[in-house]
Amino acid sequence: MPVLEVKQLQKRFEQNEILKNISFSLEEGDALSIIGPSGSGKTTLLRCLNFLEQPDGGAIYVKGSPVYSSGDRGRLPEAEVRRRRLHFGLVFQSFNLFPQYTALDNVKLAGELLAKERPDYREKRREIRAEIEDRARSLLDRMGLADRAGHYPHQLSGGQQQRVAIARALALEPDILCFDEPTSALDPELTGEVLRVIRSLAEQRTTMIIVTHEMAFARDVADQVIFMDGGVIVEQGPARQLIEAPKEERTRQFLNSYG
């Protein structure tokens, strides 16, 4: 059973149809890259999966259980949206760290807020918070940032900030980790350090969806690639096959523009 199934997903803003019956599946432990020109619907798709936008139609299943169907639109209370959002972790292109918190506190924050909703939080508060901090420190160490835990975002390079954002997304142990062009806000010399982290996650069989403009990275790291254009999936298939020998003319045109 796939860890994620997306069926006939639709999204429009006013009269502009952004996603047009998007359907795909993702196996557990696989990395899926989504490529395509600006305005093709890639970021909107990620935002719908993460409940930052609610789709206008279709369905989303995680591990066989429905997390969204068209009948849910406008009916889900905020607490239920938050619960369903936990299936996904999202790393934004512009980091979105809280500037008033240290790297460690940024990674801990969501876990601490959710912990307060636990019925045993009051009596086990110290133990729970210690567990959250231990996990946050472990994730920062995994990102190569153990010595930056007490630093604030303005004291970190762009690449370091993005690695903190990856640690934050991993902290809640999502079923699927999503990246929205994770290197687009970075200088070229900082791009490599973030791509190395994502590559290591793929080697550890972390289930991921990666919207990227790094074609060689998508070819070498992803298991599958989807090419989107105009709100539809034009082509999808094994990463190396699609990028080196695409079947659709529109896919070839797009890839040729990358030289």
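Values in this document were obtained by computation on a predicted structure and should not be read as measured data.

The rules behind the values
- For every chain, the first residue of the written sequence is number 1, and numbering continues from 1 along that sequence.
- Local features in this predicted model are restricted to residues of pLDDT 70 or higher, and side-chain atom pairs are both shown and tallied only at a pLDDT of 80 or more, whereas totals for entire chains, interfaces and linings draw on every residue.
- As a convention, hydrogens and water are excluded, and side-chain values are obtained from all of the structure's heavy atoms.
- Elements are defined by DSSP. Helices are runs of H or I of four residues or more, strands are runs of E of two residues or more, and each kind is numbered from the N terminus.
- As defined in this context, the radius of gyration uses C-alpha atoms, and a globule is described by 2.2 Å times the residue total to the power 0.38.
- The buried label applies to any residue whose accessible area, calculated with a 1.4 Å probe on protein chains only, is under 20% of its type's maximum; exposed applies above 50%, and partly exposed to all values in between.
- Whether two residues are in contact is decided by their heavy atoms: any pair within 4.5 Å suffices.
- Under the convention used here, a 1.4 Å probe and the Shrake-Rupley method define accessible areas, while residue burial counts only the protein chains that appear.
- Positive: Lys, Arg. Negative: Asp, Glu. His and the chain ends are not part of the count.
- The atoms used to mark charge sites are NZ of Lys, CZ of Arg, CG of Asp and CD of Glu.
- Throughout this description, a polar contact denotes any pair of N or O atoms lying within 3.5 Å of each other; where both atoms belong to protein, one of them has to be capable of donating a hydrogen while the other can accept it, and for residues adjacent in sequence the pair is counted only when both atoms sit in side chains.
- Whenever a helix is involved, its axis is fitted only over the stretch in contact; in every case the axis is a line through C-alpha atoms, and angles between N-to-C directions fall within 0 to 180 degrees.
- Oblique is the label for any angle not under 35 degrees, not over 145, and not in the 65 to 115 range, which are roughly parallel, roughly antiparallel and roughly perpendicular in turn.
- Handedness of each helix crossing follows the sense of rotation of the near helix against the far helix: counterclockwise by less than a right angle gives left-handed, clockwise gives right-handed.
- Polarity classes work like this: nonpolar for Ala, Val, Leu, Ile, Met, Phe, Trp, Tyr, Cys and Pro, charged for Asp, Glu, Lys and Arg, and polar for all others, with Gly in that last group.
- The criterion for strand pairing is that DSSP finds at least two bridges linking the strands in question.

Attention shifts here to the overall build of the chain. Scanning the chain from N- to C-terminus turns up nine helices and 10 strands. Relative to a compact globule of 259 residues, whose C-alpha radius of gyration would be 18 Å, the chain shows 19 Å and is just as compact. Dimensions along the principal axes, computed over C-alpha positions, put the chain at roughly 60 × 45 × 35 Å. Burial status across the chain gives 51% buried among its 259 residues. Considering only contacts in the chain between residues 6 or more positions apart, those separated by 24 or more positions represent 66%. Counting only carbon and sulfur atoms, one obtains 44% of the accessible surface of the chain, whose full area is about 12700 Å². Within the chain, the 38 negative side-chain charges are centred at a point lying 4 Å from the centre of the 35 positive side-chain charges.

Along the polypeptide, aspartate 120 turns up in the loop between α3 (103–115) and α4 (121–142). Within the structure, the side chain of aspartate 120 is placed 3.0 Å from the side chain of arginine 118, a separation counted as a polar contact.

The next subject is the packing of α3 against helix α5 (residues 158–170). The contact between α3 and α5 brings their axes to 8 Å, and the two run at 25 degrees. Here α5 runs roughly parallel to α3, going by the angle between their axes. With respect to the hand of their crossing, α3 and α5 are arranged in right-handed fashion. In this structure, α3 contributes Ala103, Asn106 and Val107 to the contact, and α5 contributes Val164, Ala167 and Arg168. Taken together, the residues of the contact of α3 with α5 break down into four nonpolar, one polar and one charged.

Attention now goes to the pairing of strand β5 (residues 65–69). With four bridges joining them, strand β4 (residues 57–62) and β5 adopt antiparallel strand pairing. The partner of alanine 59 across the bridge, within β5, is serine 69. Connecting β4 to the antiparallel partner β5 that follows it, the hairpin turn spans two residues, and lysine 63 within it adopts a positive phi of roughly 50 degrees.

The subject of this paragraph is the sheet that holds strand β1 (residues 4–13). Strands sit in the order β2-β1-β4-β5 across an open sheet of four strands; the sheet is antiparallel. Strands at the two margins of the open sheet, each flanked by one partner only, are β2 (16–26) and β5. Put simply, the sheet's adjacent strands are angled 20 degrees from each other on average, direction ignored. Strand contacts of helix α1 (residues 42–49): β1, β2 and β4, with the helix running at about 115 degrees to β1, the strand carrying the most contacts.

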